Structures are given as C-alpha cells and as structure tokens.
Amino acid sequence: MMRILLVGNPNVGKSALFSRITGTHIIASNYPGTTVGFTKGFLKLGEDQVQVIDVPGTYTLEPISKAEEVAVEMLKDGDLVIDVVDATNLERNLNLTLQLLKRQIPVIVALNMWDDTHHRGININVGKLEELLGVPVAPTVAVTGQGIKGLIGRLPEAKVPKTTYSGSDERWARIGDIVKQVQSLSHHHHTWYEHLEDASNDHIGGIFIALLVLSASFWFIRFVGEGIISYIAEPLFEWLWTPLLMKLSLVLDSGGFWHNILIGKLINGQIDYSQSFGLLSTGFYIPLGAVLPYIVSFYLVLGMLEDVGYLPRLAILMDTLMHKLGLHGYAIIPTILGFGCNVPGIMATRILESRKERFIAATLISIGIPCAALQAMIIGLVGQHGGQYVAMVYGSLFVSWLIIGFILNHAVRGFSPEILVEIPPYRLPLLRIIAEKLWLRVHGFIKEALPVVLGTVLVINILYAMGIFNSIANVAAPVLTNLLGLPKETIVALVVGFLRKDVAIGMLAPLALTAKQLVVSATVLAMFFPCAATFVILARELGARDTLKAAGIMIAAALTMGGLQNLIL
Amino acid sequence: MAMYPGEQIPLRQMNIGQTGTVIRILGGRGLMLRLEALDIRPGKKVTKISSTFLRGPVTLRVDNTQVAVGFGMANKIIVKIDQFLPGNFAGR
Ligand SMILES: Nc1nc2c(ncn2[C@@H]2O[C@H](COP(=O)(O)OP(=O)(O)OP(=O)(O)O)[C@@H](O)[C@H]2O)c(=O)[nH]1
Ligand SMILES: [Mg+2]
C-alpha cells in the first residue's frame, strides 16, 4: 500500500491536517513537540486505499531530539511526502522543504495556516512559489478544512524536482531568493492577543499572569469536577443505577458467590459505592462516578491552555528552577501532561534532548506527579477530613519532586542542554477543536481505564476469596506499622496500587483510617510505584536497566517520605 | 547600559527592544546547527524581546517567530547593533 508521510517543522499543523485527511482524530496542540511518535490513518484516493502517517515535527533532516529522530527515520519508508509548511514562517520552513526536495521522494507542499497570513499582513504568490520549488503548492487551513480537497486532488502531481545546491550557505541563499520573489508584507495592526504576548514576556507581568492562570485553572478544575459529581454523576448513580443493582441483588438472593463478585457486600442492607466493592457497584462508581468528572474538567482546562499557546511561556518562566533539577524549562510540558495521565507525560519526555534529562523527567513524573484519576480519589477521600490534609499530600509530593530532582541532577551522569525553543503565537482556539480534543481524551480514558478498573476489582475479590491478602498483610506488617504507622490491612491498597491507583485509594475507604494515616497512605501510594500502564511505558522509553533504577528510587523515596510524615504529623 | 550602533556584543547584553544582526556564533558546530534550524544564523536580524531574572532564557524575534534561548547560548550569539535605542525607552 502507498504510504504518504506528513512532514514539516514542529507546530505547523501536521496533526490537525492528519485528522482532517484521514478522519482519524489525534491530539494537536499549539506548542512545538505535540507529536512524539507516529500515527497511521487511511485515505481513499480514487480506487485505492492509501496509508497516511503523521510524523513528529522536525526543523532539519539532521535530528536533535528523539522525536526528530523518529521523523527522519520514517522518511526511509515513505512513498510520498506532504511537506506541511507554516505560511507565516516561510523562510524557516523552506529550509526543511529544500532539504526534502533533495531526497529521491515525491513532494507536495501544503501551505498551512493560510488564514493566519491575512491577519499578519503576509501576501504569498502561490503560483510563483510552485514554479520556483518545482512541486505543487496548495494553501490549506487544517482547522477548518479549507483547501484540503485541493491538496488531496493534487497528490498525484507530487514529484521529485531537480534541485541543485550544495551546502547550507547555498541553500539559505536560495531560500532568501525565493522568499524575496514570492512574499510581500503589508502593514497590520497589533491584535489584542499580540499585546498579551508582550505582557507575558515581561518577566514581572509573566509571573503575575502565571500565578493567575495556574490558580484559575486549579479553581476551575475543582469547580467543574465537583459540579459534575454533585449534579450529574451522583444523581445518576443514586436514582438510576442503585435501584437497578438492588433489583439484581434480590434476584441473587442478597448473597452468595455471584452477588459478592457483581454487587459486593451490602452495608446495612444497602449498596455503598465506597465500600461494597463489587464489579457493578464500586467497579463502576470509581471510574465513572468519582474519576470521570475530574478527567473531563482537567482535560477541558489543559486543552485550552495547550491551544491558546500558554505552555511554552510557562516553560520559560520555569527554566531557572528546572535547571536545578537537571532539566530545562520545556520539561514542564511532559510534567503537566502527567497530571492528566502519567503515560502521555512520560511519552512526551521524548521532546527532551539528552538521556539524562529523559531519565530524570520520567522518574520525577512517576514519583511526584499524581494523575487525574489518583487526584480525584485523593480529593474525594482525604478531602473529607479537610482541605489541609489534601494540601499535605500535594505538598509532600512537591517537596519529594524537588529534592529527588536535585539529587538526580548531581547523581546522574550525562549532560543537560539549555532551552532552545520556538514560542508559538497566542491563538484563540475554535470551540469545536477544544470539544473534539476533550472527547478524544475522555473516550480514551473510558476505553482504556474502565476495563482495567473492572479487572482490578475482580482480582481483588478473587484474592480476598482465596485469603491471599491475609498472608501478605502479615509479612508486610512490620514495615507498615513500625515505619509508616498504618494498619497492616493497608497493604491491600498498596498491592492494588500496582494495577490502578484510583482503585487503590478507593480501598482505603472501608479501613476507617485517621486523617494522618490517610495522608501517609495516599502519599506513599502516589509515590511508591507507577501503575501497570505507566510501568510498561517507562520500560519502553527508558529500557530495563534505567527502569529498575527508577523503581528503586521510587520505593526508597516513598518509604522515606511516608516515614517522615509518620514522625512529623 | 546603552549600546551604540555598530557595536558588537553578545545577544544577552542587548537592551530589550533592540535589533541587531547576528555576526557569528561562538561554540561548536552542534550549537550552530541547532540555532540554524531555528533560522538564527549569521546575517539574520534579531530583536530582543525579553530576558528572565536569575539567568533565565532570553526571548528574541526572528522574522515572524519568537524563540527562547538559554542564558548561556545567548552569551554565545554575537550581534551587531543596528539602531540606537536608549535603554528602557526601547519600543516593543
Ligand atoms: N489558525 C490556524 N491554526 C491551525 C491551523 N492548522 C493547525 N492549527 C493549530 O496549530 C496548532 C498546531 O497544530 P498541530 O497539528 O498540533 O501541529 P503539528 O505540526 O502536528 O505539531 P507537532 O506535533 O508539535 O510537530 C494547533 O493548536 C492547531 O489547532 C491552521 O491552518 N490555521
Ligand atoms: Mg503533531
């Protein structure tokens, strides 16, 4: 099957174009480095089905980061390249174009962000550009779909032109020549968001805006999350699901094997979603009733921050601090993604250049960054005793993150380069794009997390029935009680934490722990080991040796922090 | 600290709002290539937009793009000042 590659500089709209062309939606965000792996999709071209592949962005064919390596590697197996060019940055983008034209692979240029050229007073003579490059050029607006038909219609015209230049000096001279012939600039007025760009560059203004943005985000996530829980999730469970389950309970004679598996224990003759622990009761309630509302609110806010283009600006403000941890400011982006789910967070560490940075960033995410599912449960359970206890958990995680990063910076060999990154313009995202992206992530959560949660609850019930937890509990008792001050039953939650952390926190609910014990156990659970899905990704990204190292650090850090909390609180 | 037209200084020392032409890049080929990828190379005009406290990154504008470069790198990019704009009165 023919393979079409989408190649171009970072943040020019390759992924947005991919979603449009193939109908397979993938994440596109307004910062360079969104895509770190490749995605395949299909397109019907006349009679034939062809494969379309979205590739990470790269500035040149001499890769610097791991994500760029992926891009250049892909080029070897393509049959045709759609070179996606940001029309508002013609010169820099043509550098890659000219490099592509020297490869023996047919090229067609998509002149994307065409809508932005008007706002910015940039006029490009498309016909002339086509003539000078020797390949077809089609203007496109990936977010609205404008020009896509034209692009696809001209795919068969893609060709390998005769391009002769030697060395980069000659290449730049050629580019300068082309730009001079095809582009003219007219005056344009500053838009209000260009003024905002200036304000967030000023560093006092920048800090002020960052504090405002972060606290507003936090408040909004909680407000929307709690709103969905109290006005949608809880009523649905209470008025719809509970009566159904109670009927089922009667059918199952209120007890017995199947009743235990499906519905779990009845508490005073009633279903208690935090204690029953059946597949259909707690197994559904944790992911859909407690966690999903926070997934929705978190990804709604993240999607807006991403598409507005705020994250790279935050990265610059954080740069000095991150250098103390052996990272540079851009590492804040994988970290923020980690607050949603550690898996994409750790994948995104590919945008960092050195091995040392990737190891530190991935380890720190696994230890100190609680995912949205875990956070929702911590807020739900620990928060019952008061906000100060939730703050203690977050504070402990933050301190661990800082200290471990500081130690790793000195202990891990290798180098940590400085930040060098393009800052995209602020953009006002289309509501439809925000909604599509939110749906993509919520759907991903339901599809991937729900089965694992149900499986975990099932395993718990089986292990209970077999009495296995009792024997583990007795073995682990000395560490738990002496070091952490927790009852030995909490081992059950720790064991389950290997699979899913939200369920693990859920298992603390029936144990009647004190507020202090909840703080200790939630912190240890967050830190001691990544969940199974994260562990798999960690092993894939870091390799077996480094993953073992990271795991050792996690366990040591969790026990140290838990022990300290037990002493101090 | 006012810079005069024609003076050659590291990018880091430029005033905010000042424009200059990149003359050369100190340091190895690796750094040259990384900067060249972002269209920062000898002969390009760059405008400094901001700097960050505590030896943080310096932001500059190259054509239509803003680029943040680390403090150390900003010290290795030597520019020739184009126009005279006294210190903090520099326009944006
Ligand atoms: N105004 C406008 N915005 C666009 C257009 N195409 C994409 N965008 C937006 O530009 C941003 C970058 O798009 P992506 O598709 O993530 O870019 P990419 O090339 O895949 O980026 P990387 O994966 O980081 O290399 C997103 O916020 C898009 O919504 C366009 O034609 N016009
Ligand atoms: Mg992409």
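The residue count restarts for each chain, going from 1 along the sequence in the order it is written. Just so you know, chain letters begin at A and ligand numbers begin at 1, following the order they were written in. For a predicted model such as this one, the threshold for reporting local features is a pLDDT of at least 70, and the threshold for listing and counting side-chain atom pairs is 80 or more; totals across whole chains, interfaces and linings nevertheless cover every residue. Here the side-chain values reflect all heavy atoms present in the structure, with hydrogen atoms and water set aside.

> Looking at this structure, I do not really get the overall build of chain B. What am I missing?
Helix and strand content of chain B: two helices and six strands. In chain B, buried positions account for 52% of the 92 residues. Approximately 4,100 Å² of chain B is accessible, and the part contributed by carbon and sulfur atoms is 55%. Only runs of H or I of at least four residues qualify as helices and only runs of E of at least two qualify as strands under DSSP, and these elements are numbered from the N terminus. Relative accessibility decides the category of a residue: with a 1.4 Å probe and only protein chains considered, values under 20% of the type maximum give buried, values over 50% give exposed, and everything between is partly exposed. All accessibility values rest on the Shrake-Rupley procedure with a 1.4 Å probe; residue burial counts only the protein chains present in the view.

> Would you mind going over the overall build of chain A with me for this structure?
Across its full length, chain A holds 24 helices and nine strands. Based on the C-alpha atoms only, the size of chain A along its principal axes is roughly 80 × 55 × 45 Å. The proportion of buried residues among the 569 residues of chain A is 56%. Whether two residues are in contact is decided by their heavy atoms: any pair within 4.5 Å suffices. Within chain A, contacts between residues at least 6 apart in sequence are counted, and of these 74% link residues at least 24 apart. For chain A, the accessible surface area stands at approximately 23,900 Å², while carbon and sulfur atoms represent 65% of it.

> What am I meant to see in the domain arrangement of chain A here?
Put simply, an interface is often sized by how much accessible area is lost when its parts join up. All names here are of chain A. For chain A, the assigned domains read domain 1 (3-185) and domain 2 (205-568). Each domain's limits were defined by an automated method or a database of domain assignments. Placing the centre of domain 1 and that of domain 2 at their C-alpha centroids yields a distance of 38 Å. At the junction of the two partners, domain 1 supplies 26 residues and domain 2 supplies 29 residues. Contact between domain 1 and domain 2 buries roughly 2,100 Å² in total, counting both sides, with carbon and sulfur atoms accounting for 54%. Computed with a 1.4 Å rolling probe, the buried area is the accessible surface lost when two parts are put together, summed over both parts. Interface area lost by domain 1 to domain 2 is led by Asn30, Tyr31 and Lys66, which between them contribute 32%. When a carboxyl oxygen of Asp or Glu lies within 4 Å of a side-chain nitrogen of Lys or Arg, that pair is called a salt bridge. Where domain 1 packs against domain 2, one counts two salt bridges. Here a polar contact is taken to be a pair of N or O atoms separated by no more than 3.5 Å, where protein atoms must pair a possible hydrogen donor with a possible acceptor and residues adjacent in sequence count only if both atoms sit in side chains. Run the count over domain 1 and domain 2 and you get 14 residue pairs in polar contact (both at pLDDT 80 or more). In terms of residue count, the dominant contributor to the side of domain 1 that touches domain 2 is helix H2 (residues 66-74) (three residues).

> What's the story with the environment of Lys76 of chain B in this structure? I'm lost.
All names here are of chain B. Within the element layout of this structure, Lys76 appears in helix H2 (residues 71-76). Lys76 sits 65 residues away from Leu11 along the chain, and the two C-alpha atoms are 7.6 Å apart. When sequence neighbours within four positions are dropped, the list of residues in contact with Lys76 reads Arg24, Ile25, Leu26 and Leu31.

> Any chance you could explain the environment of Tyr464 of chain A here in plain terms?
All names here are of chain A. Tracing the backbone shows Tyr464 in helix H18 (residues 431-466). For Tyr464, a relative accessible area of 47% gives the class partly exposed. For Tyr464 and Pro510, which are 46 residues apart along the polypeptide, the C-alpha to C-alpha distance reads 14 Å. Not counting residues up to four positions away in its chain, the partners in contact with Tyr464 are Phe469, Val492 and Met507.

> Would you take a moment to explain helix H15 (residues 355-368) of chain A for this structure?
An α-helix turns once every 3.6 residues. As a result, residues three or four positions apart point the same way. Helix span, expected: 1.5 Å multiplied by one less than the number of residues in the helix. For H15 of chain A, spanning 14 residues, the distance from its first C-alpha to its last is 20 Å, which sits close to the expected 20 Å at 1.5 Å a residue. Among the 14 residues in H15 of chain A, 13 count as buried, and that is most of the element.

> How should the packing of aromatic side chains be read in this particular structure?
To describe a pair of aromatic rings, you give the distance between the ring centres and the angle between the ring planes. All names here are of chain A. Pairs were defined over the aromatic rings of Phe, Tyr and Trp, the Trp ring being its six-membered one, requiring ring centres within 6.5 Å. Orientation was assigned from the angle between planes: stacked under 30 degrees, edge-to-face over 60, tilted for the rest. What the rule picks out here adds up to 13 aromatic pairs over all chains. Consider the rings of Tyr464 and Phe469, whose centres lie 5.0 Å apart with planes at 65 degrees: the pair is edge-to-face. Aromatic side chains Phe529 and Phe535 sit 5.1 Å apart centroid to centroid with 25 degrees between the ring planes, which places their arrangement in the stacked category. Given the relative accessible area of 13%, Phe529 is considered buried. Judged by relative accessible area, Phe535 falls into the partly exposed class, the value being 28%. By way of ring pairs, the aromatic residues Phe498, Phe528, Phe529 and Phe535 are connected into one cluster. Charge over a ring is defined by NZ of Lys or CZ of Arg lying within 6 Å of the ring centre and within 35 degrees of the ring normal. Seen from the ring of Tyr165, Lys102 lies directly overhead, with NZ or CZ sitting 4.4 Å from the centre. Note that Arg313 overlies the ring of Tyr426, its terminal NZ or CZ placed 4.0 Å from the centroid.

> Is there a simple way to explain the coordination of the magnesium ion (ligand 2) in this structure?
Each donor-metal-donor angle would ideally measure 109.5 degrees in four-coordinate tetrahedral geometry, or 90 or 180 degrees in six-coordinate octahedral geometry. Residues and elements named next belong to chain A. Listed as protein donors to the magnesium ion (ligand 2) are Ser15 (OG) and Thr35 (OG1); their distances from the metal cover 1.9 to 2.0 Å. Of this pair, Ser15 sits in helix H1 (residues 14-22) while Thr35 sits in the loop between H1 and strand E2 (39-45); the two residues are 20 residues apart in sequence, bridging distant segments of the chain. Residue Thr35 is classed as buried on the basis of its relative accessible area, which comes to 16%. In this analysis a donor is any N, O or S atom within 2.8 Å of a metal ion (3.2 Å for sodium, potassium and calcium), and since water is not included, sites may seem incomplete.

> How should helix H1 (residues 29-37) of chain B be read in this particular structure?
Restricting attention to buried positions, one finds in H1 of chain B the residues Leu31, Arg34, Leu35, Glu36 and Ala37 of chain B. Asp39 of chain B sits one or two residues past H1 of chain B and shows a positive phi near 70 degrees.

> Can you help me understand the sheet that holds strand E5 (residues 65-69) of chain B in this one?
Where strands meet in a sheet, backbone hydrogen bonds hold them as pairs that are either parallel or antiparallel. Strands are treated as partners if at least two bridges between them are detected by DSSP. Sheet architecture is open: seven strands sit in the order E9(A)-E5(B)-E4(B)-E3(B)-E2(B)-E6(B)-E1(B), paired in antiparallel fashion. A strand with exactly one partner marks an edge of an open sheet, and here the two such strands are strand E9 (420-423) of chain A together with strand E1 (8-10) of chain B. Pairs of neighbouring strands in the sheet enclose a mean axial angle of 40 degrees, with direction left out of account. When E9 of chain A meets E5 of chain B, the two strands line up antiparallel, connected through four bridges. Within E5 of chain B, the residue paired with Glu422 of chain A across the bridge is Val67 of chain B. Against the sheet, H1 of chain B engages E9 of chain A together with strand E2 (19-25), E5 and strand E6 (77-81) of chain B, with an angle of about 145 degrees to E2 of chain B. Simply put, an axis is a line fit to the C-alpha atoms, just over the touching stretch for a helix, and the angle between two N-to-C directions goes from 0 to 180 degrees.

> Is there a simple way to think about the sheet that holds strand E4 (residues 80-86) of chain A in this case?
Residues and elements named next belong to chain A. Spatial ordering of the open sheet is given by E2-E3-E1-E4-E5-E7, a layout of six strands whose pairing is mixed. Looking at the sheet topology across the chains shown, the edges are occupied by E2 and strand E7 (137-139). Strand-to-strand twist in this sheet, taken as the mean axis angle between neighbours without regard to direction, amounts to 25 degrees. Of the pairings in the sheet, the one linking strand E1 (residues 3-8) to E4 comprises five bridges and is parallel in character. Paired with Leu6 across the bridge in E4 is Ile82.

> Please explain the nonpolar core as it appears in this structure.
A general trend in soluble globular proteins is that nonpolar side chains are found buried together. Counting 122 residues, the largest nonpolar core has Leu327 and Ile505 of chain A as the members making the most contacts within it. Here this core gathers at least three residues from each of two domains, domain 1 (3-185) and domain 2 (205-568) of chain A. Nonpolar core, defined: a set of buried Ala, Val, Leu, Ile, Met, Phe, Trp, Tyr and Cys residues in which side-chain atoms within 4.5 Å join the residues together.

> Help me understand the site of ligand 1 in this model?
All names here are of chain A. Proximity is defined per residue: any heavy atom of the residue falling within 4 Å of a molecule or strand makes that residue near it. Taken together, 24 residues form the shell around ligand 1, and within it Lys14, Ala16, Gly33, Thr34 and Thr35 come nearest. In this structure, Asn30 approaches ligand 1 through a main-chain N or O atom, which is 3.3 Å from an oxygen atom. One of the backbone nitrogen or oxygen atoms of Ala142 is found 3.0 Å away from an oxygen atom of ligand 1. For ligand 1, the accessible surface in isolation is 650 Å², of which the surrounding protein chains cover 95%. Mapped onto the shell around ligand 1, the elements with two or more residues apiece are H1 and helix H4 (114-119). A total of three residues in the shell around ligand 1 trace back to one element, the largest contributor, which is H1. Under the convention adopted here, Pro, Cys and the residues Ala, Val, Leu, Ile, Met, Phe, Trp and Tyr are nonpolar, Asp, Glu, Lys and Arg are charged, and Gly plus all remaining residues are polar. Of the residues contributing to the shell around ligand 1, the split by class is 10 nonpolar, 10 polar and four charged.

> When you look at unusual backbone geometry in this model, what are you seeing that I'm missing?
Glycine aside, a negative phi is what most residues show, and trans is what most peptide bonds show. The phi angle at Asn268 of chain A is positive, at roughly 50 degrees, despite the residue not being glycine. Here Asn268 of chain A shows up in the loop between helix H10 (257-262) and helix H11 (282-308). Taking relative accessible area as the criterion, Asn268 of chain A reaches 76% and is therefore assigned exposed. Even without glycine at this site, Leu54 of chain B takes up a positive phi of about 55 degrees. Secondary-structure assignment places Leu54 of chain B in the loop between strand E3 (45-51) and strand E4 (58-62). The exposed category is assigned to Leu54 of chain B, whose relative accessible area is 62%.

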